[in-house]
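A look at the structure
Each chain, written out:
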Amino acid sequence: MTYKVPISEIFFSIQGEGKYAGRPSLFIRVGGCNLNCKFNNNRCDSFYAVDKRYESSWTLMSITQLINLIRQYYPCDIVFTGGEPTLYYKRLYPIVELFDNITFETNATIDIDFVKFAAYKDVTFAMSVKLSNSNESYSRRINKKAIYNMATNAKKSFFKFVIDRDLYLEILDIVDSLENDIYCMPMGEDKNTLEQNAPFVFEFCLKYGFCYSDRTHIRLFCKKRGV
Ligand code: SF4
């Protein structure tokens, strides 16, 4: 059986945030997400990869097609983003087995079977667990078992939180005793909002010993897609 994955866009760019910021990366954005976040009543910045009304703009690609495309850029970092790429983690497994330096940018709600799909232990999960400022319910946005399994099986994984106020207690509840790095980034879908929120997040990171992450792509390109 030939498995296919809905792809919203693929582009080669510089990773703009988190642990691997600054690294040239091939971004593969899948279509579809199991959450529906709204930040300050704004849609998520990848709404076109989440909202079903954009489904007709997604391309169904086979794993072979994706492998051939990756080979045109490799070696480079490969970033599966979305939408929610772990929705398709079983279908994407041949790619995970074949290439190194793979990151899954994920909301960390889907529990990966690391026994059956062991190569995922070499993947970095950028666990952008959603906080209350996503306006999603706690029960939908937090799956502690999934978080624990990603954090402990795939040891390069890190947390990445979008902050607009002091959400320390929420972060503490999610991270618990896990030792993965914690990055906090200012909320904002344009340069002005980002810069308004940045000083607070900077101080917040200093206060609690978290890593500060900028969001280079928003600073440079605002809402432009494919960059
Ligand atoms: S989990 Fe991420 S991609 Fe999905 S709706 Fe929320 S912000 Fe958007």
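Residues numbered from 1 in each chain as written. Predicted model: local features only at pLDDT ≥ 70, side-chain atom pairs only at ≥ 80, totals over all residues. Heavy atoms only, no water.

**Focus: unusual backbone geometry**
Using the following cut-off: Helix and strand definitions follow DSSP, with helices as H or I runs of at least four residues and strands as E runs of at least two, each counted in order from the N terminus. Type-normalised accessible area, obtained with a 1.4 Å probe on protein chains alone, sets the label of each residue: buried when under 20%, exposed when over 50%, and partly exposed for intermediate values.
Look at the link from Tyr-74 to Pro-75: it is a cis peptide, with omega at 10 degrees. When you line up the elements, Pro-75 lands in the loop between helix 1 (63-73) and strand 6 (77-81). Phi at Ala-108 is positive, roughly 60 degrees, even though this residue is not glycine. Secondary-structure assignment places Ala-108 in the loop between strand 7 (102-106) and strand 8 (124-127). On the basis of relative accessible area, Ala-108 is assigned to the buried category, the value being 0%.

**Considerations on the environment of Ile-67**
Along the chain, the position of Ile-67 falls in helix 1. For Ile-67 and Ala-108, which are 41 residues apart along the polypeptide, the C-alpha to C-alpha distance reads 24 Å.

**Describing the nonpolar core**
Our working definition: The criterion is simple. A nonpolar core is a set of buried Ala, Val, Leu, Ile, Met, Phe, Trp, Tyr and Cys residues joined through side-chain atoms within 4.5 Å. A contact between two residues is defined here by any heavy atoms of the two lying within 4.5 Å.
Formed by 53 residues in total, the largest nonpolar core has its most connected members in Tyr-120 and Phe-161. Leaving out residues up to four positions away in the same chain, Phe-161 has contacts with Val-129, Leu-131, Ile-171, Ile-174, Val-175, Ile-182, Tyr-183, Cys-184 and Met-185. If you look at the next biggest cluster of nonpolar residues, it comprises eight residues, including Leu-35, Cys-44, Val-162 and Met-185.

**A short note on helix 6 (residues 191-208)**
Residues separated by three or four positions in an α-helix point in the same direction, a consequence of the helix having 3.6 residues per turn. Which entries qualify depends on this criterion: Multiplying 1.5 Å by the helix residue count minus one yields the expected span of that helix. Whenever two N or O atoms come within 3.5 Å, that pair is a polar contact, provided that in protein one can donate a hydrogen and the other can accept it, and provided that, for residues adjacent in sequence, both atoms are side-chain atoms.
Under the 1.5 Å per step criterion, the end-to-end length of helix 6 is 25 Å for 18 residues, consistent within 8% with the ideal 26 Å. For helix 6, the set of buried residues is Leu-194, Asn-197, Ala-198, Val-201, Phe-204 and Cys-205. Among the structural elements, strand 9 (158-163), helix 5 (168-175), strand 10 (182-186), strand 11 (211-212) and helix 7 (216-221) are those in contact with the buried residues of helix 6. The N-capping residue of helix 6, defined by a side-chain oxygen 3.1 Å from the backbone nitrogen of Asn-192, is Asp-190.

These values are about where atoms sit, not about what they do.
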